[in-house]
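Residue-level listing of the chains:
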Amino acid sequence: KALALLLLVFAETVEDQVPEVTAAMAKDDDMVLFLTKALAENFVCASLDDTEVGKIVEYLARERIAKNTEIIKQGENGDYFYVVESGTFDFIKDGEKKGSCGEGGSFGELALLYGAPRAATVIATSDAYV
């Protein structure tokens, strides 16, 4: 989760609202590389420089998500951005499956970027880590 840091990168200075560092934010070099690569493939983050991507990676926190958990609900306000470490997720809009993603995929950035309600519901289709 980026704790709305994605929004901070585009709308405000990070220094104004730095999240508290937690143990869940600890990462080894392999995880930093994985997250950096995943963010580079995200169309919103692709234009960021290495320093900006590094700040996002620094504040991403790992969380276990159980199968069948509704991690995002369509229409709600967005407050997190997710990068999938493992597991799979389905995107449901108006009750219809519109897509899915797995390892290295990401979701949730549009609601943060545009300050808009969540466009779809996201459900874990397996146990997962984000």
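Each remark here, short or long, concerns the structure printed above.
Residues numbered from 1 in each chain as written. Predicted model: local features only at pLDDT ≥ 70, side-chain atom pairs only at ≥ 80, totals over all residues. Heavy atoms only, no water.

Caption draft 1: Up close: the sheet that holds strand 5 (residues 96-101). Ordered in space as 2-7-4-5, the 4 strands form an open sheet in which the pairing is antiparallel. Each edge of the open sheet is held by one strand with a lone partner, namely strand 2 (70-72) and strand 5. Strand-to-strand twist in this sheet, taken as the mean axis angle between neighbours without regard to direction, amounts to 30°. Bridge count between strand 4 (residues 89-93) and strand 7 (residues 121-124): 4 bridges; the pairing is antiparallel. (Pairing = 2+ DSSP bridges. Helix = DSSP H or I, 4+ residues; strand = E, 2+ residues; numbered from the N terminus. Axes fitted to C-alpha atoms, helices over the stretch in contact; angles between N-to-C directions.)

Caption draft 2: Seen up close, the packing of aromatic side chains. Counted under the stated rule, the structure contains 4 aromatic pairs. Between the aromatic rings of Y80 and Y82, the centroid separation amounts to 6.2 Å while the plane-to-plane angle is 50°, which identifies the pairing as tilted. Between Y82 and F107, the aromatic rings sit 5.2 Å apart at their centres with planes inclined by 25°, giving stacked as the arrangement. Taken as a pair, Y82 in strand 3 (residues 82-83) and F107 in strand 6 (residues 106-107) lie far apart in primary sequence, 25 residues in all. Overall, the relative accessible area of 6% leaves Y82 in the buried class. Residue class for F107 comes out buried when judged on its relative accessible area of 5%. Each member of the aromatic cluster is reached from another via a ring pair, and the members are Y80, Y82, F89, F91 and F107. (Phe/Tyr/Trp six-rings, centres within 6.5 Å; stacked < 30°, edge-to-face > 60°. Buried < 20%, exposed > 50% of the residue type's maximum accessible area, 1.4 Å probe, protein only.)

Caption draft 3: Looking closely at the packing of helix 2 (residues 29-40) against helix 3 (residues 50-59). Across the interface, helix 2 lies against helix 3 with an axial gap of 10 Å and an inter-helix angle of 125°. Judged by the angle between their axes, helix 2 and helix 3 are oblique. For the element pair helix 2 and helix 3, the recorded crossing hand is right-handed. Residue-level inspection shows V32, L35, T36 and L39 of helix 2 in contact with helix 3, the latter providing V53, I56 and V57. Looking at the contact of helix 2 with helix 3, its residues break down into 6 nonpolar, 1 polar and no charged. (Parallel < 35°, antiparallel > 145°, perpendicular 65-115°, else oblique. Left-handed = near helix turned anticlockwise from the far one by under 90°. Contact = heavy atoms within 4.5 Å. Nonpolar A, V, L, I, M, F, W, Y, C, P; charged D, E, K, R; others polar.)

Function-wise, these values are silent; they only describe arrangement.
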